[in-house]
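So you can see what is in the structure, the chains are spelled out below.
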Amino acid sequence: MLRASAAELADALAAGETTSVEITQAHLDRIAAVDGPVHAFLHVDAEGALAQAKASDERRAAGTLLSALDGVPIAVKDVLATEGMPTTCGSKILEGWVPPYDATVVRRLKEAGLPILGKTNMDEFAMGSSTEHSAYGPTHNPWDLDRIPGGSGGGSAAAVAAFEAPLALGTDTGGSIRQPGAVTGTVGMKPTYGGISRYGLVAMANSLDQVGPVTRTVLDAALLHEAIGGHDPRDSTSIDQPLPPLVEAARQGLTGDLTGLKVGVVTELSGDGYQPGVLARFQEGVDLLVKAGAEVVEVSCPHFVHALATYYLIMPCEASSNLAKFDAMRYGLRVWPSEDASAEEVMRATRDAGFGDEVKRRIILGTYALSSGYYDAYYGQAQKVRTLISRDFEAAFEKVDVLVSPTAPTTAFKLGEKLDDPIAMYLNDLATIPANLAGVPGISVPSGLADEDGLPAGFQILAPALADDRCYRVGAALEAALLEQWGGPLVPKEI
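Model, not experiment: these values are computed from the prediction.

Participant: Any chance you could break down the overall build of the protein chain for me, citing the residues and the numbers?
Facilitator: Across its full length, the protein chain holds 16 helices and 11 strands. Expected size for 495 residues packed as a compact globule is a radius of gyration near 23 Å; at 21 Å, the protein chain falls within 12% of this value. When the backbone C-alpha atoms are referred to their principal axes, the protein chain occupies close to 70 × 55 × 45 Å. Put simply, the protein chain has 495 residues, and 60% of those count as buried. Looking at the protein chain alone, contacts between residues at least 24 apart form 76% of all its contacts between residues at least 6 apart. Counting only carbon and sulfur atoms, one obtains 53% of the accessible surface of the protein chain, whose full area is about 17800 Å². In the protein chain, the 38 positive side-chain charges and the 63 negative ones have mean positions that sit 3 Å from each other.

Participant: Quick one: what's the story with the packing of helix α2 (residues 20–38) against helix α3 (residues 46–62), residue by residue and with numbers?
Facilitator: Closest axis-to-axis distance for the α2/α3 pair is 8 Å, and the angle between their directions is 160 degrees. When the interaxial angle is binned, α2 and α3 end up roughly antiparallel. Two packed elements cross with a definite hand, and for α2 against α3 that hand is right-handed. Mapping the contact onto sequence places S20, V21, T24, Q25 and L28 in α2 and A46, A49, L50, A53, K54, S56 and D57 in α3. Of the residues in the contact of α2 with α3, the class split is 6 nonpolar, 4 polar and 2 charged.

Participant: How would you explain unusual backbone geometry if you had to name every residue and give the values?
Facilitator: Across the junction of G151 and S152, the peptide omega takes the value 5 degrees, indicating a cis bond. If you check the backbone angles, T131 has positive phi at about 60 degrees while not being a glycine. Turning to its location among the elements, T131 is positioned in the loop between β3 (116–120) and α5 (154–161). Overall, the relative accessible area of 0% leaves T131 in the buried class.

Participant: I'd like a rundown of the packing of helix α7 (residues 218–228) against helix α16 (residues 468–486), residues and numbers included.
Facilitator: Viewed as axis vectors pointing N to C, α7 and α16 meet at an angle of 155 degrees, and their least axial separation amounts to 9 Å. With respect to α16, the element α7 is oriented roughly antiparallel. Here V218, A221, A222 and H225 of α7 lie close against α16, whose contacting residues are D468, Y472, G475, A476 and E479. Partitioned by chemical class, the residues of the contact of α7 with α16 number 5 nonpolar, 2 polar and 2 charged.

Participant: Describe in detail the packing of aromatic side chains, supporting the description with residues and values.
Facilitator: As enumerated under the stated definition, the model contains 14 aromatic pairs in all. Measuring from centroid to centroid gives 5.7 Å for Y101 and Y199, while their planes differ by 50 degrees, and the two rings are tilted. Taken together, the residues span a long stretch of sequence, with Y101 in the loop between β2 (74–77) and α4 (104–111) and Y199 in the loop between β5 (187–190) and β6 (211–215) at a distance of 98 residues. Members of the aromatic cluster, connected to one another through ring pairs, are W97, F125, F326, Y331 and F355.

Participant: Just give me the short version of the nonpolar core, but keep the residues and values in it.
Facilitator: Counting 116 residues, the largest nonpolar core has L80, F125, L403 and Y472 as its most contacted members. The residues touching Y472, leaving out its near neighbours within four places in the chain, are M189, P213, V218, A221, A222, H225, L246, A249, A250 and I443. L28, A49, A75 and A157 belong to the second-largest nonpolar core, a separate cluster that totals 16 residues.

Participant: Would you mind going over the side chain of R178 in detail, with residue names and values included?
Facilitator: Structurally, R178 can be placed in helix α6 (residues 178–184). Here T432 takes part through its backbone oxygen, which lies 3.1 Å from a polar atom of the side chain of R178. Filtering out sequence-adjacent residues up to four positions away, R178 remains in contact with D172, G188, K190, T407, T432, A435, N436, G442, I443, S444, Q460 and L462.

Participant: How would you summarise the layout of surface pockets if you had to cite specific residues and measurements?
Facilitator: Here the largest pocket is characterised by a volume of approximately 550 Å³. Around the largest pocket sit 27 residues that line it, and R216, T217, E479, L483 and P489 are the ones nearest its centre. Taken together, the elements giving at least two residues each to the lining of the largest pocket come down to α1 (6–14), α5, α7, β10 (442–449) and α16. For the lining of the largest pocket, the element with the most residues is α16, which contributes 4 residues. Partitioning the lining of the largest pocket into residue classes produces 17 nonpolar, 5 polar and 5 charged. Considered as a void within the structure, the second largest pocket measures approximately 170 Å³ in volume. Looking at the second largest pocket, the residues that line it are G256, L288, K291, A292, A477, A481, E484 and Q485.

Participant: Could you give me a rundown of empty space enclosed by the protein, with the residues and numbers involved?
Facilitator: Throughout the structure, instances matching the rule amount to 3 cavities of 30 Å³ or more. Taken as a whole, the largest cavity holds about 50 Å³ of empty space. In terms of lining, the largest cavity is formed by 13 residues, of which the most central are A126, G128, S176, Y311 and D429. Its residues assigned to classes, the lining of the largest cavity shows 4 nonpolar, 7 polar and 2 charged.

The rules behind the values
- Residues numbered from 1 in each chain as written.
- Predicted model: local features only at pLDDT ≥ 70, side-chain atom pairs only at ≥ 80, totals over all residues.
- Heavy atoms only, no water.
- Helix = DSSP H or I, 4+ residues; strand = E, 2+ residues; numbered from the N terminus.
- Rg over C-alpha atoms; globule rule 2.2 N^0.38 Å.
- Buried < 20%, exposed > 50% of the residue type's maximum accessible area, 1.4 Å probe, protein only.
- Contact = heavy atoms within 4.5 Å.
- Areas by Shrake-Rupley, 256 points an atom, 1.4 Å probe, with all protein chains shown as cover.
- Lys, Arg positive; Asp, Glu negative; His and termini not counted.
- Charge placed at Lys NZ, Arg CZ, Asp CG, Glu CD.
- Axes fitted to C-alpha atoms, helices over the stretch in contact; angles between N-to-C directions.
- Parallel < 35°, antiparallel > 145°, perpendicular 65-115°, else oblique.
- Left-handed = near helix turned anticlockwise from the far one by under 90°.
- Nonpolar A, V, L, I, M, F, W, Y, C, P; charged D, E, K, R; others polar.
- Phe/Tyr/Trp six-rings, centres within 6.5 Å; stacked < 30°, edge-to-face > 60°.
- Core = buried A, V, L, I, M, F, W, Y, C linked by side-chain atoms within 4.5 Å.
- Polar contact = N/O pair within 3.5 Å; in protein donor to acceptor, adjacent residues only side chain to side chain.
- 1 Å grid on protein atoms, 1.4 Å probe; cavity = no way out; pocket = protein on both sides within 12 Å on 5 of 7 lines; lining within 4 Å.
- Points joined across faces, edges and corners; volume = space filled by probe spheres on them.

If you want it as structure tokens, here you go:
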């Protein structure tokens, strides 16, 4: 039961072979057994999850199911507001905060009947590539507990990889769904910007953040995407048009036929700085796409080389603005440096105690770049380069249907290895950042184990905005070909 996909669990429920209560309890037992060393969860809501599972079983008995995934449990990244359940964003400044409302995606999970197991660990305010910047301690990679699970959404990826949850929600600002997916051997999807509501997401960078699925199969990601996606009038960035047929595209991909599809290999997203084992698995994936009938060509996106620098100007600027709301006045932590302290002194003491080093670093960077005399030189110039990156995508998609690359330059590195070198940490998002800057969708699919260390690598598929179905079709075809080659899914050793 624990190793079944969400689609398989839904089929078992439909056949009467099990109940939602049994499935949910099995995952809660798994969390109790292994989450000590993994630390994927910050909060587990056993009582609430079982109550939701019981309600699902009652609906099934009455023939009033809410969705195809009704009764299948899920974990939620702790950056999404959950009514009655703590939402800390991995920060001490929000320790114990319980929102009075649900994020739209959480509300849609409940409306679809998915029991919520709890909230997963993350880099503080989604700032990091390793989940080592959580104020509540790092998450460990189920493949090797001495290594990182990626970030910022390492908790969601680790929970799915460790079979603590069949599904999870993450958020992706510069790769925070796809990069953890690559290093934990899971599937991570960043939808088109605006395709899934951001209402109730504690924003780091409004123009970059996107909610998306974390799963073990491409079909599961499509099923979850359809459950939470679509227009939301409460989100001004939400796109007012229907989702493409995502589940249908995934099922079409599973047939293994990609005849007529043109695939572009991005020249700038490989080579120097990429681990040989990661590149080898990527090339094998490309070869399998050719075998499935796709035509593969090399495509140059010349401005992608500036994506990392562009992102690390735009994102801190937006983050510094967003985090100004944590002022010790309205909610969250409040530190009194003295009895007669002024509001400014309370704010300074609270932010000093409540924010971690990485958050402070990005606030300072962003505030500097937005300051008088520097706005045009830094933020303004970065936005111009962002436009050039978007044009690179537009030009590429005139020639090909999808673009592909390795998801991350390396496999999971050891905990602590890059904590003292922020630039080395930022380089992990080298291949994922362009999609966020342009707002296009991207999926990471496990591509195999690197020869050097036996750890998972990821294969990234990018599509034009609003063509998320292409990610699912190509991802499912690649997944099917790889599973046939491997003889079964990649599974970490028992924890």
